[in-house]
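# Structural overview
Spelled out, the chains give:
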Amino acid sequence: MRTNRLIFSFILAIMALGSLPAQAITVPPGINCSGILGMADYLHGHRIVMFGEGHGTNEMPATFLRIVCTALQQGAEVSVGLEQPADQEQPLAMYLTSDGGLAAREALLQTDFWITGKDGRASVAMLDMIEGLRRLRQAGYRLTVFPMQGRSTDWHLRNDEKMADRIRAEFSARPASLILTLSGNIHNMKTKPAWLPAEVPAAVPTYLKDLGTDTFNLTSTGGGAWDCQKECGVHFRTVQAGPQEFAVIVSDAKDAYTGDINVGPTTASLPAVESLRPR
């Protein structure tokens, strides 16, 4: 009889432990986790939400990190897809488990993607965003990061189809995860606007229609960006008044996106390898 009472007491103790609230994870200092008006519904009950940017700004990668942090803080398990070749998978994984120090930063930036990247995807702001993801992951949030593009020198062949295949594989491999991706804003269009040239291939969401993908376009009211036009470098657009910043609004591109999120005026972010060169 005494043994039965002991067993019963042990079971009650275990049940009491299970009823205790989970310990909250502290957001690392300096990371903005504030919600964006109208975004919360898309971070619950959805599996794939894609964000498109104009490459080479400080503000757009920072806004994407903010959205990822918001989803994590709301309790989601998040898998982040980046517009980088699959060759980056191991270097990314190593950086995410590192201390984020100079040696780790140098090791990541010595890969071909960062050395040759001139179109704004390999910017200081992108590196800062990845550092933010590392800090969130090491703080205890359930976060993984994967490169979406193809491997080696042929990564650009059937690029959008390959990215869709990689997202689909992540969707199947991580059934509990919310998949949030960041790419150039042509790649995440649900439909192809008439003004796009005929040679522009079908975008990623057209291969994922059965998975109910939502897409958002990060827009601006002008400013600077490091991107490639006739040549790669800093380019400027006149800053103008625009819609409310950091709120989901109806997209100017109509059916191409679920909505737009305006980040306000932008500033240019230079290639990250420049940050390691002696001044």
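See the structure shown above.
Note that the coordinates shown come from a computational prediction; the quantities given were computed from them, not determined experimentally.

## Details of the packing of aromatic side chains
Applying the stated criterion across every chain, the model contains four aromatic pairs. Ring geometry for Tyr 42 against Phe 216: centres 5.0 Å apart, planes inclined by 75 degrees, an arrangement best described as edge-to-face. Here Tyr 42 is found in the loop between α1 (2-19) and β1 (48-53), whereas its partner Phe 216 is found in strand β5 (residues 214-219), with 174 residues between them in sequence. By relative accessible area, which is 22% here, Tyr 42 ends up partly exposed. Where Phe 113 meets Trp 114, the ring centres are 5.3 Å apart and the plane angle is 85 degrees; that geometry is what we call edge-to-face. Phe 113 gets classed as buried once you look at its relative accessible area, which sits at 8%. Taken together through their ring pairs, the aromatic side chains of Tyr 42, Phe 51, Phe 64 and Phe 216 make up a single cluster. Just above the ring of Phe 171 sits the side chain of Arg 47; from NZ or CZ to the centre is 4.0 Å. Above the plane of the ring of Phe 246 lies Arg 66, whose end atom (NZ or CZ) is 4.6 Å from the centre.

## As for the pairing of strand β3 (residues 143-147)
Within β3, four of the five residues are buried, which leaves the element mostly enclosed by the surrounding structure. Sheet topology places strand β2 (residues 77-82) next to β3; five bridges connect them, and they run parallel. Across the sheet, the residue bridging to Val 78 is Leu 143, located in β3.

## Re the pairing of β1
Of all six residues that make up β1, six are buried, and the element is covered over most of its length. Both faces of β1 are covered, namely the face carrying Ile 48, Met 50 and Gly 52 and the face carrying Val 49, Phe 51 and Glu 53. With six bridges joining them, β1 and strand β4 (residues 177-184) adopt parallel strand pairing. The residue bridging Glu 53 from the neighbouring strand is Gly 184, located in β4. Pairing geometry for β1 and β5, over four bridges, is parallel. Bridging from a neighbouring strand, Met 50 pairs with Thr 215 of β5.

## Description of the pattern of salt bridges
Applying the stated criterion to the full structure yields seven salt bridges. When the shortest N-O distance is used, the salt bridge between Glu 161 and Arg 158 registers 3.2 Å. The closest approach of N and O atoms between Glu 170 and Arg 166, which form a salt bridge, is 3.1 Å. Of this pair, Glu 170 and Arg 166 both sit in helix α7 (residues 159-173), separated by four residues, roughly a single helical turn. Take Arg 166: its relative accessible area is 21%, and that puts it in the partly exposed class. A single network of salt bridges, built from pairs that share partners, joins Arg 166, Glu 170 and Arg 174.

## Notes on the sheet that holds β2
The strand order β3-β2-β4-β1-β5-β9-β8 describes an open sheet built from seven strands, whose pairing is mixed. Each edge of the open sheet is held by one strand with a lone partner, namely β3 and β8 (248-249). By the bridge criterion, six bridges tie β2 to β4 in an arrangement that is parallel. If you follow Ser 79 over to β4, its bridge partner there is Ile 179.

Conventions we followed
- Residues numbered from 1 in each chain as written.
- Predicted model: local features only at pLDDT ≥ 70, side-chain atom pairs only at ≥ 80, totals over all residues.
- Heavy atoms only, no water.
- Phe/Tyr/Trp six-rings, centres within 6.5 Å; stacked < 30°, edge-to-face > 60°.
- Helix = DSSP H or I, 4+ residues; strand = E, 2+ residues; numbered from the N terminus.
- Buried < 20%, exposed > 50% of the residue type's maximum accessible area, 1.4 Å probe, protein only.
- Lys NZ or Arg CZ within 6 Å of the ring centre and 35° of its normal.
- Pairing = 2+ DSSP bridges.
- Salt bridge = Lys/Arg side-chain N within 4 Å of Asp/Glu carboxyl O.

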